[in-house]
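An overview of the molecular structure
Here is how the chains run, residue by residue.
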Amino acid sequence: MSMPHARGSAQMEDVELREWLDSLDFVLQGHGRERAAQILQRLQQHAAEAGVTLPFTANTPYVNTIPASAQPPYPGNQEIERRIKSFARWNALAMVVRANREEPGIGGHISTYGSAATLYEVAFNHFFRARGEKSEGDIVYFQGHASPGIYARAFLEGRISVDQLENFRRELKPGGGLSSYPHPWLMPHFWEFPTVSMGLSPIMAIYQARFNRYLEDRGLKEPSDAKVWAFIGDGETDEPESLGAITLGSREQLDNLIFVINCNLQRLDGPVRGNGKIVQELEAIFRGAGWNVIKVLWGGDWDPLLEKDHDGLLVQRMGEVVDGQYQKNSVESGAYFREHFFGVDPRLLEMVKHLSDEQLHKMRLGGHDPKKVYAAYKAATENKGSPTVILAKTIKGYGLGEAGEGRNITHQQKKMNEDELREFRSRFGIPISDEEVAQAPFYKPAEDSVETQYLQERRSALGGYVPSRKVYPISVHEPAEDLYEEFFKGTDGREVASTMAFVRLLARLLRDKELGKLMVPIIPDEARTFGMESLFREVGIYSHVGQLYDPVDRETLLYYKEATNGQILEEGITEAGSMSSFIAAGTAYATHRIPTIPFFIFYSMFGFQRIGDLIWAAGDARTRGFLIGGTSGRTTLAGEGLQHQDGQSHLLAYPLPNLRAFDPAFAYEIAVIVRDGIRRMYKEEESIFYYLTVTNEPYPMPAMPQGAEEGILKGMYLLARAENRQSHLRAQLLGSGAILREALKAQKILAENYDVAADVWSVTGYKELYQDGHSCDRWNMLHPSEEPRVPYVTHCFRNAPGALVAASDYVRALPDSISRWMPRPLVSLGTDGFGRSDTRAALRDFFEVDARFITLATLNELARQKAVKPAVVQKAIQDLEINPAKINPIIS
């Protein structure tokens, strides 16, 4: 009895729903999408007020964001562009195949560019604006694994030669070659940013876009509509850096930022989300973060089907199929696709009955359809008030056919046999004969061909070639010598931490009439720790919107002042974000022809150890600027303990070839190093950057000894000669940074209690000494008949008698690294082991680097040299109150 009633009720619901849908269609047709959106928003508010709970979703249906009816006309010649794209596909493939025939295992990637070719070519032909002497141009972060396609494009443009293509991944060949991925260090006139360490380009792009706004808001450059593009893989978004900073983009209203995520659904080993949908996952994340999201999922072949989908069955089916099955569909036949995708509902089968299996198999995805991609790019470039992410669905290895299209092995595909090459050639219409195809020859149309002329015309209209890195000579004013004078004179007994000396120097640089505006202080929420709060009021904290609130500390002298033209980049608790700002500022001499000078100050423990990959990228990008490791050393940060106490950052700085690392103890050392850095980086335009460590331990700053400057920059100089130089017991004490003053104390103990005359050397840069020593050794090896070069360390100690003892607040490997150039064995003291929470004195006792242990190590070395008896050492242990049974800090 209830069945007819239930059926009738359902029919009434269908009619009611139809009436609502018809009403919405009426509004859409008569008043447009904007009015329809207003009504829906008001209905949602009204429902909420009535207590109606709507299920939350950050997702839209699994269809293109821009419907076919809203697509703009395509402005280019699609057929010519298709041929150009096909030539680029072929040359990218030929480059990798030939390289691996010549040198098996040399590597290279075909499949990423195969999936992204349309995404790039539409941008190359219609959107990427080049940078010139009078035009700013766009900044593009290319997906690293797509580099063969970018090279292939440049070859068609005439910017890369056949020889260079031949030498892909063989850069040391005569005439040079092409780097595996984007590396500005290796190809400084081509690539701008290193991007292949996955996850780094998204965060660098976000902070680059923000830095562009920073320059505009501070009046350092004219406002422009230039964009920052970042091409990313969907699997790459698993890296924390990829998504960790996306809220900055919306918070700062960075409508100059566009992400293009190539959703080919595959990473190296298999599906990105086999049991889910990566596009929907990313849409929810980005929409939740306030981004404008544009989905490009289905090509134009699908438009007629979607137009007939009045009941939403097709859209529903599109949304319920998981990515792993979509990947399976892409490698199977049209018959399989018909059965497994459309065959779940007779009405869906009816929808495609007019299409053959071959037609179904060839239905393109959105990321392979130039019209769909163009519509998305145009909408992205015109969007205001927020960044845009384009989620473009593609097939990995598109075009490789049985050789790897859509298959799990496609990322590693590097070889193709003759049949596979012939199939690829025929599919994309490459004019290469059957006799030649097996050799995989490069193809370039003639200069007067339609394709070449079109390509060149399009690039000319957009200002030139991309990518291209151009560095124009920039004259930078060096501060007057008197700016540094107070640091050379010392503090006349007043106790000052080296951190405060640095902050004082930075403040003076900020006030310099010529150079001050170029200074970019970058702080990850530790300004008060480093004593930098005085700069809040003086130069302000940058905020694009200014300060929309009354700060709680407004009545204080050093209140938290945000301003649109603020100079400090207060990044919050993110070393990765701060480092990305450092890279943006440190490469502005190339990207904007503005030589900004970044000073990024951070807890030294959270630098190389936490963001070493970004620091490496900074070196590759030829970044200039100063990294300042605050609260450095294992024993200076009293009370903080194991996670904060840095004893290894200087050792971690060794591998970076263009990084100069210093551990200064005194204000004048800091001033000499910073002055030298500004001169070398911004006057002589060297592609180097600096790392300085400073501490929060206050002590009197002495005046600079006469003639010390050269040694400070070379890494070491004689700070304090022994007074009792006639003693037959001699020693050379090497101290650095926080432990230098312990060496000075030990000098006094040795003289007064043991009649040992010890000289004290300030070691400002072990890395400088290490590199100099190896450079000399190399030269001597390669020039055996020439007069040998003498390492600076050897030169310093050529007439220095006695025991050699080095102590630092870092691991022993640091001083050990220069021991080979010493005239006698070097005894190293350091802070190997995990840190502890305690006072500085207790920590230096625990790690055995205080004056007592330096004294003991000196006497023990003299005993080993037979200069004193072991009994002297034994008595010293007692006199110095050292417990010989104390635990070994390295294993405790």
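In this report, we go over the structure that sits alongside the text.

Focus: the environment of Leu365
- Relative to the helices and strands, Leu365 is located in the loop between helix 15 (357–361) and helix 16 (370–382).
- Judged by its relative accessible area of 12%, Leu365 is buried.
- Counting along the chain gives 307 residues from Leu365 to Ala58, while the straight-line C-alpha distance between them is 23 Å.

A look at the sheet that holds strand 18 (residues 756–763)
- Taking strand neighbours across the sheet as the criterion, the five strands line up as 16-18-17-19-20 in an open arrangement whose pairing is mixed. Strand pairing shows two members of the sheet lacking a second neighbour, strand 16 (716–720) and strand 20 (826–829), which therefore form its edges. On average, each strand axis in the sheet is inclined to that of its neighbour by 25°, with strand direction left out of account.
- One ladder, built from five bridges, connects strand 17 (residues 729–735) with strand 19 (residues 803–807); its direction is parallel. Within the sheet, the bridge partner assigned to Ala731 lies in strand 19 and is Ala803.
- In this fold helix 29 (residues 740–754) packs onto strand 16, strand 17 and strand 18, with an angle of close to 175° to the strand it touches most, strand 18.
- Sheet contacts for helix 34 (residues 851–864): strand 17, strand 18, strand 19 and strand 20; angle to strand 19, the most-contacted strand, approximately 155°.

Brief notes about the pattern of salt bridges
- For the structure on display, the rule yields 60 salt bridges.
- Notably, a salt bridge pairs Arg83 with Glu79, separated by 3.3 Å at the nearest N-O pair. Taken as a pair, Arg83 and Glu79 lie in helix 2 (residues 78–102) at a separation of four residues, close to a single helical turn.
- A relative accessible area of 23% means that Arg83 is categorised as partly exposed.
- Put simply, Arg660 and Glu768 hold a salt bridge, and the shortest N to O gap is 2.9 Å. Note that Arg660 is positioned in strand 13 (residues 659–662) and Glu768 in helix 30 (residues 766–782), a separation of 108 residues in sequence. For the pair shown, Arg660 and Glu768 are each scored as buried.

Observations concerning helix 20 (residues 482–489)
- Restricting attention to buried positions, one finds in helix 20 the residues Leu483, Tyr484, Phe487 and Phe488. For helix 20, the angular spread of buried residues about the axis comes to 120°, placing them on one side. In helix 20, those exposed residues whose orientation departs by more than 90 degrees from the buried face are Asp482 and Lys489.
- For helix 20, the secondary structure elements touched by its buried residues are helix 21 (498–511) and helix 27 (667–683).
- Of the residues one or two after helix 20, Gly490 is the one with positive phi, at around 85°.

Here we look at the side chain of Arg730
- Within the fold, Arg730 resides in strand 17.
- Here the side chain of Arg730 touches Ala757 through a polar contact of 3.2 Å, landing on its backbone oxygen.
- If sequence neighbours within four positions are ignored, Arg730 has contacts with Arg725, Val756, Ala757, Asp759, Pro801, Gly802, Ala803 and Leu862.

A look at the side chain of Ser762
- Tracing the sequence through the fold places Ser762 in strand 18.
- Here Glu669 takes part through its side chain, which lies 2.8 Å from a polar atom of the side chain of Ser762.
- Each residue touching Ser762, except ones within four places of it in the same chain, is listed here: Glu669, Gly715, Met716, Tyr717, Leu719, Gly735 and Leu740.

With respect to the nonpolar core
- If you look at the biggest cluster of nonpolar residues, it comprises 179 residues, and the most contacted ones within it are Phe259, Trp302, Met579, Phe599, Phe626 and Leu733.
- For Phe259, the contacting residues outside a window of four places in its chain are Pro202, Ala205, Ile206, Ala230, Ile232, Ser242, Phe286, Trp291, Thr388, Val389 and Ile390.
- Grouped together as the second largest cluster of nonpolar side chains are 69 residues, Ile84, Trp90, Val140 and Val296 included.

What about a nonpolar patch on the surface?
- Residues Trp20, Leu40 and Leu43 make up a contiguous nonpolar surface patch of roughly 320 Å² in combined accessible area.
- Among the secondary structure elements, Trp20 is positioned in helix 1 (residues 2–49).
- Taking relative accessible area as the criterion, Trp20 reaches 54% and is therefore assigned exposed.

Brief notes about the packing of helix 12 (residues 323–331) against helix 13 (residues 334–342)
- Packing of helix 12 against helix 13 brings their axes to within 8 Å, and their N-to-C directions diverge by 155°. Taken together, the axes of helix 12 and helix 13 are roughly antiparallel relative to one another. Handedness of the crossing formed by helix 12 with helix 13: left-handed. Only Tyr336, Phe337 and Phe341 of helix 13 make contact with helix 12, whose side of the interface consists of Gln325, Tyr326, Lys328 and Asn329.
- Here the contact of helix 12 with helix 13 is built from residues that sort into four nonpolar, two polar and one charged.

Overview of the packing of helix 2 against helix 17 (residues 418–428)
- It is the contact of helix 2 with helix 17, at a shortest axis distance of 10 Å, that shows an interaxial angle of 165°. Taken together, the axes of helix 2 and helix 17 lie roughly antiparallel to each other. Here helix 2 and helix 17 pass one another in a crossing that is left-handed. Contacts from Arg82, Ser86, Arg89, Trp90, Leu93 and Arg101 in helix 2 reach Leu421, Phe424, Arg425 and Phe428 in helix 17.
- Considered class by class, the residues forming the contact of helix 2 with helix 17 number five nonpolar, one polar and four charged.

A look at the sheet that holds strand 12 (residues 626–630)
- Taking strand neighbours across the sheet as the criterion, the six strands line up as 10-7-11-12-14-13 in an open arrangement whose pairing is parallel. Looking at the sheet topology across the chains shown, the edges are occupied by strand 10 (569–570) and strand 13.
- Summarising the sheet, strand 7 (residues 519–523) and strand 11 (residues 597–603) pair through four bridges and their orientation is parallel. Bridge pairing in strand 11 links Met519 to Ile597.
- In the packing of helix 25 (residues 608–620) onto the sheet, contacts are made with strand 11, strand 12, strand 13 and strand 14 (689–693), and the angle to strand 14 comes to roughly 155°.

Some thoughts on unusual backbone geometry
- Looking along the chain, the bond that leaves Val466 and enters Pro467 is cis, with omega of 0°.
- As for its position among the elements, Pro467 is in the loop between helix 19 (450–461) and helix 20.
- The phi torsion at Arg169 lies on the positive side, around 65°, for a residue other than glycine.
- Looking at the element boundaries, Arg169 is found in the loop between helix 5 (162–166) and helix 6 (200–217).
- Relative accessible area serves as the criterion here: at 19%, Arg169 is assigned to the buried category.

Focus on helix 12
- Listed as buried for helix 12 are Asp323, Tyr326, Gln327, Asn329 and Ser330. Taken around the axis of helix 12, the buried residues stretch over an arc of 160°, which confines them to a single face.
- On the buried face of helix 12, the contacting elements are helix 9 (278–288), helix 11 (313–320), helix 13, helix 15 and strand 5 (388–393).

Side note on the environment of Leu557
- Looking at the secondary structure, you find Leu557 in the loop between strand 8 (541–542) and strand 9 (562–563).
- With 15 residues separating them in the primary sequence, Leu557 and Gly572 have C-alpha atoms 22 Å apart.

Observations regarding the pairing of strand 19
- For strand 19, the tally of buried residues reaches five of five residues, placing the bulk of the element in the interior.
- Residues Ala803, Val805 and Ala807 line one face of strand 19 and the alternating positions Leu804 and Ala806 line the opposite face, and both faces are buried.
- Of the strand pairs in this sheet, strand 19 and strand 20 are connected by four bridges, and their pairing is parallel. The residue of strand 20 that forms the bridge with Val805 is Val827.

Considerations on the pairing of strand 12
- Burial runs high along strand 12: five of the five residues are buried.
- Alternating residues of strand 12 divide into Phe626, Ile628 and Gly630 and Leu627 and Gly629, and every residue in both groups is buried.
- As judged from the five bridges shared by strand 11 and strand 12, these two strands associate in the parallel manner. Within strand 12, the residue paired with Phe599 across the bridge is Phe626.
- With respect to chirality, the unit in which strand 11 leads through helix 25 into the neighbouring parallel strand 12 is right-handed.
- When strand 12 meets strand 14, the two strands line up parallel, connected through four bridges. The residue of strand 14 that forms the bridge with Phe626 is Tyr690.

Definitions and limits used
Residues numbered from 1 in each chain as written. Predicted model: local features only at pLDDT ≥ 70, side-chain atom pairs only at ≥ 80, totals over all residues. Heavy atoms only, no water. Helix = DSSP H or I, 4+ residues; strand = E, 2+ residues; numbered from the N terminus. Buried < 20%, exposed > 50% of the residue type's maximum accessible area, 1.4 Å probe, protein only. Pairing = 2+ DSSP bridges. Axes fitted to C-alpha atoms, helices over the stretch in contact; angles between N-to-C directions. Contact = heavy atoms within 4.5 Å. Salt bridge = Lys/Arg side-chain N within 4 Å of Asp/Glu carboxyl O. Arc of directions from axis to C-beta. Polar contact = N/O pair within 3.5 Å; in protein donor to acceptor, adjacent residues only side chain to side chain. Core = buried A, V, L, I, M, F, W, Y, C linked by side-chain atoms within 4.5 Å. Patch = residues over 30% accessible without salt bridge, like charges linked within 9 Å, V, L, I, M, F, W, Y side chains within 5 Å. Areas by Shrake-Rupley, 256 points an atom, 1.4 Å probe, with all protein chains shown as cover. Parallel < 35°, antiparallel > 145°, perpendicular 65-115°, else oblique. Left-handed = near helix turned anticlockwise from the far one by under 90°. Nonpolar A, V, L, I, M, F, W, Y, C, P; charged D, E, K, R; others polar. Right-handed = clockwise from strand over helix to strand, strands pointing away.

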